[in-house]
Amino acid sequence: MDTIDQLLENNRSFADGLAERHLDVEPQRRLAIVTCMDSRLDVFAALGLGDGEAHILRNAGGVITDDVIRSLAISQRRLGTCQVMLIHHDDCGMQKITDDGFRMELQETTGLAPSFAIESFGDVEVDVRQSILRVRSSPFLPHRDNVRGFVYDVDTHRLREVEVAEETPA
Ligand SMILES: [Zn+2]
């Protein structure tokens, strides 16, 4: 049986064990979380979150791309969220590539230069700060005051907060 067939079987047992219910489409905690696709980070378990409580946006690196801004704009403007939590993590796959190297690899193996930015990073904390600043500077998001960034340690399961220096007036 292939993996997806196994998961379909898991879903049948999952659904059989639960009562039918309907949760509101608006997340109860009014929170959106942007994080990496990393398979070791169980966002719900690590944060004690339940279904219906928060939006979870994931991509390689937890990068604030245009598509993440698109989702956050919908999350805030239509679905009632007003806080953003960013979670990067140690030992990320995005630290194992470089923008130029991966771009060249895609171009050399396919003949096509990708239209998207690769967004690799070396220092995870620097990238969290960059991500916070991208959210805070997006004109499409009405709620930009409550944005906090963290690094998740995939071995100890602990979060550490990354502070951004307050802007000093020019
Ligand atoms: Zn990652």
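Note: the structure precedes this text.
Residues numbered from 1 in each chain as written. Predicted model: local features only at pLDDT ≥ 70, side-chain atom pairs only at ≥ 80, totals over all residues. Heavy atoms only, no water.

**Student:** Which parts of the structure should I look at to understand helix 5 (residues 124-136)?
**Tutor:** Think of an α-helix as turning once every 3.6 residues; residues three or four places apart then point the same way. With 13 residues, helix 5 extends 18 Å from end C-alpha to end C-alpha; this agrees with the ideal 18 Å at 1.5 Å per step. Buried residues of helix 5: Val124, Asp127, Val128, Ser131, Ile132 and Val135, and no others. Around the axis of helix 5, the buried residues are gathered within 145 degrees of arc, so they sit on the same side. Looking at the buried residues of helix 5, the elements they touch are helix 3 (66-78), strand 3 (83-89), strand 4 (147-152) and strand 5 (159-162). (Helix = DSSP H or I, 4+ residues; strand = E, 2+ residues; numbered from the N terminus. Expected span 1.5 Å × (residues − 1). Buried < 20%, exposed > 50% of the residue type's maximum accessible area, 1.4 Å probe, protein only. Arc of directions from axis to C-beta. Contact = heavy atoms within 4.5 Å.)

**Student:** Is there a simple way to explain the side chain of Ser138 in this structure?
**Tutor:** As for its position among the elements, Ser138 is in the loop between helix 5 and strand 4. With residues near it in sequence (within four places) discarded, Ser138 still touches Ile69 and Arg144.

**Student:** Would you mind going over the nonpolar core with me for this structure?
**Tutor:** Burial of nonpolar side chains together is a common tendency in soluble globular proteins. Of all hydrophobic cores here, the largest spans 23 residues; its most connected members are Val34, Ile64, Leu72, Val84, Leu86 and Val135. Breaking this core down by element, the ones donating at least two residues are strand 1 (31-36), helix 3, strand 3, helix 5 and strand 4. Those residues in contact with Ile64 that sit more than four places away from it in its chain are Val34, Ile69, Leu86, Ser131, Arg134 and Val135. By size, the runner-up hydrophobic cluster in this structure holds 11 residues, among which are Leu31, Leu49, Phe150 and Val154. (Core = buried A, V, L, I, M, F, W, Y, C linked by side-chain atoms within 4.5 Å.)

**Student:** Honestly, the coordination of the zinc ion in this entry has me stumped. Any pointers?
**Tutor:** Each pair of donors in an ideal four-coordinate tetrahedral metal site encloses 109.5 degrees, whereas pairs in an ideal six-coordinate octahedral site enclose 90 or 180 degrees. The protein atoms donating to the zinc ion are Cys36 (SG), His89 (NE2) and Cys92 (SG), with metal-donor distances spanning 2.0 to 2.2 Å. Considered as a linear motif, the donors of the zinc ion on their single chain read C-x52-H-x2-C. Of the two residues, Cys36 sits in strand 1 while Cys92 sits in the loop between strand 3 and helix 4 (99-110), which places them 56 residues apart along the sequence. Of the two residues, Cys36 and Cys92, neither departs from the other in class, the shared state being buried. (Donors = N, O, S within 2.8 Å, 3.2 Å for Na, K, Ca; no water.)

**Student:** Got a minute to help me understand the pairing of strand 1 in this structure?
**Tutor:** On a regular strand, each side chain points to the face opposite its neighbour's, so the side chains alternate between the two faces of the sheet. Of all 6 residues making up strand 1, 6 are buried, and the element is well covered by its neighbours. Sheet topology places strand 1 next to strand 2 (residues 54-59); 6 bridges connect them, and they run parallel. Note on strand 2: the bridge partner recorded for Thr35 is Arg58. (Pairing = 2+ DSSP bridges.)

**Student:** Help me understand the side chain of Glu53 in this model?
**Tutor:** Summarising the element assignment, Glu53 is placed in the loop between helix 2 (43-47) and strand 2. Looking at Glu53, the relative accessible area reads 14%, which means it is buried. Within the local environment of Glu53, its side chain forms a polar contact with the side chain of Arg29, the two groups lying 2.9 Å apart. A distance of 2.9 Å separates a polar side-chain atom of Glu53 from the backbone nitrogen of Gly50. Contacts of Glu53, omitting those with residues within four sequence positions, involve Pro27, Gln28, Arg29, Arg30, Leu31 and Gly48. (Polar contact = N/O pair within 3.5 Å; in protein donor to acceptor, adjacent residues only side chain to side chain.)

**Student:** I tried to follow the pairing of strand 4 on my own but got confused; where do I start?
**Tutor:** Burial runs high along strand 4: 5 of the 6 residues are buried. Where strand 3 and strand 4 come together, 6 bridges link them in parallel fashion. Bridge assignment links Ile87 to a residue of strand 4, and that residue is Phe150. Summarising the sheet, strand 4 and strand 5 pair through 4 bridges and their orientation is antiparallel. Bridging across to strand 5, Gly149 finds its partner in Val162. Here strand 4 folds back onto strand 5, and the loop between the two strands holds 6 residues, one of which, His157, carries a positive phi near 70 degrees.

Just distances and angles here, no functional claims.
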